[in-house]
Amino acid sequence: MTPSLTIWKQTQNHRTQTECPVSLCFDPLVMNRILTNLPPQIYHSTAPLISNAMFTLSNFVEKSCTIAYTHDSIKPPKTPVIYTMWHGHLPFLMIHHGSQSDTRTLLVQQKPYMTATVLWSEMLGLRIKRGGGKGDPPAIPLLLNELKEERNSIILAVDGPYGPRHVMKPGAVEIARATGYPIVHVEYQCKRATPMEGRWDKRLVPSLFDDILVTYHPPIFVDNHDNNDNDFICRRIEKKLLE
């Protein structure tokens, strides 16, 4: 039985912050922070080992959790979709998107210390394109090619990589306007784990044996003839998502 969203919110309000050490081991940003402090030759040689450990731990935590949805089922999309999420929801949604029947592409910067995260993401079932960082191939052409030529859905953390939290960057709107494909925002709540207040994105990493509630918001289409600029449309979408 799907838990009541109202009850979940009341439960969250009466809980203190819980961080599960096992869960944090598959948080890609935790791994990246560790790897940036190592010499390049070390993180290249250890990336396969680290990614395998991340996959084993994430698989263990996921299988220990009860996962429910705010609707009956997730149906494979008929067209490619621009899946968006908040940066704080990366840990579990990378696992979730990788497990779906359609191909979903995640853009990852070409920084060498991201190698372990890339390998882990591919183990999860995600398709990875490298780019979008300083000196990398630009993000928008890569993502447009995935949608229009490869016919794959894409995944975007729309307030990342540095925030502010819940302030949507215009990339998703620009891509939706150019392709006509819908934006579908995905988020989740945890009954045991609570947001990490010390992080700008209030990262939410599920705990062992957690209850996770996943929400797919209704599709949002951006009219190519809409005369409002992309930033204005972003603010309009933010308001709808945060209501």
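Residues numbered from 1 in each chain as written. Predicted model: local features only at pLDDT ≥ 70, side-chain atom pairs only at ≥ 80, totals over all residues. Heavy atoms only, no water.

**Points about helix H8 (residues 171–179)**
Applicable threshold: Any residue under 20% of the maximum accessible area for its type is buried, any over 50% is exposed, and the rest in between are partly exposed; the area is computed with a 1.4 Å probe on protein chains only. Strands here are runs of E lasting at least two residues and helices are runs of H or I lasting at least four, both read from the DSSP assignment and numbered beginning at the N terminus. Between two residues, a contact is recorded if the distance between any of their heavy atoms is within 4.5 Å.
Along H8, the positions that sit buried rather than exposed are Ala172, Val173, Ile175, Ala176, Arg177 and Thr179. In this structure, the buried side of H8 is in contact with strand E2 (82–85), helix H7 (139–148), strand E5 (153–157), strand E6 (183–190) and helix H9 (230–241). Positioned one or two residues after H8, Gly180 has a phi angle of 80°, which is positive.

**Some points on the pairing of E5**
Basically, it comes down to this: What makes two strands pair is DSSP finding at least two bridges between them.
Counting buried positions over the five residues of E5 gives four, a clear majority of the element. Taken together, the four bridges between E2 and E5 define a ladder with parallel strand orientation. Paired with Tyr83 across the strands is Ile155, a residue of E5. Relative to E5, strand E3 (residues 104–108) runs parallel, the two being bridged by three bridges. Paired with Thr105 across the strands is Ile154, a residue of E5.

**Quick notes on the environment of Leu126**
Position of Leu126 relative to the elements: it lies in the loop between helix H6 (115–124) and strand E4 (127–130). As a C-alpha pair, Leu126 and Gln100 span 26 residues in sequence and 9.1 Å in three-dimensional space.

**Comments concerning the pairing of E2**
Of the two faces of E2, both are covered, the one formed by Ile82 and Thr84 as well as the one formed by Tyr83 and Met85. Two elements, E2 and E6, share three bridges in a ladder whose sense is parallel. Paired with Tyr83 across the two strands is Val184, which belongs to E6.

**Focus: the state of the cysteines**
Short version of the rule: Any cysteine sulfur atom paired with another within 2.5 Å is treated as part of a disulfide.
In total, this model carries zero disulfides according to the counting rule given. Here Cys65 stays unpaired: no disulfide links it, and the sulfur of Cys190, its closest cysteine neighbor, is 7.2 Å away.

**Overview of the environment of Tyr216**
Cut-off, in case you're wondering: We define a polar contact as two N or O atoms separated by no more than 3.5 Å, with the added condition that, inside protein, one atom must be a possible hydrogen donor and the other a possible acceptor, whereas residues neighbouring each other in sequence contribute only through side-chain atom pairs.
In this structure, Tyr216 sits in strand E7 (residues 211–216). Under the relative-accessibility criterion, Tyr216 is labelled buried at 14%. Considering only alpha carbons, one finds Tyr216 and His185, 31 residues apart in sequence, at a separation of 6.0 Å. Polar side-chain contacts of Tyr216 include one of 2.6 Å to the side chain of His96. Of the polar contacts made by the side chain of Tyr216, one reaches the side chain of Arg104; its length is 3.1 Å.

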